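This is what each chain is made of:
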Amino acid sequence: VQLQASGGGLVQSGGSLRLSCAASGRTSSSFTITWFRQAPGKEREFVAAFWRSGSRTYYTDSVKGRFTISRDNAKNTVWLQMNSLKPEDTAVYYCAGSHTLIQSSITTAGQYDYWGQGTQVTVSS
C-alpha cells in the first residue's frame with residue numbers, strides 16, 4: 001500500500017486548508033486511514049481517524065469542532081478539512097494506514113504499517 005498526502009501550505013490564523021491522502025495498492029473496507037502530525041521538537045501526535053470504512057470517527061481534543069475527516073472508499077481517499085486554524089496547528093501532517101489495527105490502538109503511531117510522506121502546514125499569527 002502506498003499513501004500520498006498533499007494539500008499543505010501557509011495560511012493565516014483563522015484560515016482553512018484541506019489535506020488529502022490517496023491510498024493505492026491493496027486496500028479494503030477494513031483499512032483504517034488516520035492523520036497524525038509532528039511539530040518541530042515534539043513527538044508525532046494523533047489528529048483524526050476513520051475506523052475502517054467510516055463507521056466511526058475519532059479526533060484529538062484540540063481539533064474537535066475545527067477539523068473534519070471524510071473518506072471516499074471508491075477513490076481510496078481520505079480528506080482532512082481544517083478550519084479555524086491556529087499557529088499551534090503548525091506541523092508536518094502525515095497520513096497512516098493499517099489493515100490490522102485494533103480499535104483501542106487507533107491513536108498509537110507505532111501500530112500503523114503504512115505512512116505517507118507528510119505535508120507541511122504552517123499557520124502564521
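Residues numbered from 1 in each chain as written. Predicted model: local features only at pLDDT ≥ 70, side-chain atom pairs only at ≥ 80, totals over all residues. Heavy atoms only, no water.

Caption draft 1: The environment of Tyr114, seen in detail. Along the chain, the position of Tyr114 falls in strand β10 (residues 114-115). The sequence separation of Tyr114 and Ile33 amounts to 81 residues, and the corresponding C-alpha distance is 9.2 Å. Residues contacting Tyr114, with those up to four places away along its chain left out, are Val1, Leu3, Phe31, Cys95, Ala96, Gly97 and His99. (Helix = DSSP H or I, 4+ residues; strand = E, 2+ residues; numbered from the N terminus. Contact = heavy atoms within 4.5 Å.)

Caption draft 2: Region of the structure containing the nonpolar core. Formed by 26 residues in total, the largest nonpolar core has its most connected members in Trp35, Val47, Phe67, Leu80, Met82 and Tyr93. Taken together, the elements giving at least two residues each to this core come down to β1 (2-6), β3 (17-24), β4 (32-38), β5 (45-51), β7 (67-72), β8 (77-82), β9 (91-98) and β11 (119-124). Dropping the residues within four chain positions of it, Phe67 is found in contact with Arg37, Val47, Tyr59, Leu80, Gln81, Met82, Asn83, Leu85, Asp89 and Tyr93. Grouped together as the second largest cluster of nonpolar side chains are 9 residues, Phe46, Ala49, Trp51 and Ile106 included. (Core = buried A, V, L, I, M, F, W, Y, C linked by side-chain atoms within 4.5 Å. Buried < 20%, exposed > 50% of the residue type's maximum accessible area, 1.4 Å probe, protein only.)

Caption draft 3: Geometry of the state of the cysteines. Per the stated rule, a full pass over the model turns up 1 disulfide. Put simply, Cys21 and Cys95 are joined by a disulfide, and their sulfur atoms are 2.2 Å apart. Disulfide Cys21-Cys95: the torsion about the S-S bond is 75 degrees, which places it as right-handed. Of the two residues, Cys21 sits in strand β3 while Cys95 sits in strand β9, which places them 74 residues apart along the sequence. (Disulfide = S-S within 2.5 Å.)

Caption draft 4: Structural detail: the packing of aromatic side chains. One pass over the structure, following the stated rule, counts 6 aromatic pairs. Each ring, one from Phe36 and one from Phe46, has its centre 6.0 Å from the other, and the planes form 80 degrees; the classification is edge-to-face. Here Phe36, found in strand β4, pairs with Phe46, found in strand β5; they are 10 residues apart in sequence, far enough to count as distant. Classification of Phe46 as buried rests on a relative accessible area of 9%. For the ring pair Tyr112 and Trp115, a centre distance of 6.2 Å and an interplane angle of 65 degrees mean the geometry is edge-to-face. Tyr112 gets classed as buried once you look at its relative accessible area, which sits at 6%. Judged by relative accessible area, Trp115 falls into the partly exposed class, the value being 29%. Through pairs of rings, three or more aromatic residues link up here, namely Phe36, Phe46, Tyr94, Tyr112 and Trp115. (Phe/Tyr/Trp six-rings, centres within 6.5 Å; stacked < 30°, edge-to-face > 60°.)

Caption draft 5: Local environment of the sheet that holds β3. The antiparallel open sheet is built from 4 strands, whose spatial order is β1-β3-β8-β7. Strands at the two margins of the open sheet, each flanked by one partner only, are β1 and β7. Taking each pair of neighbouring strands and ignoring which way they run, the sheet shows an average axis angle of 15 degrees. Note that β7 and β8 share 6 bridges and pair antiparallel. (Pairing = 2+ DSSP bridges. Axes fitted to C-alpha atoms, helices over the stretch in contact; angles between N-to-C directions.)

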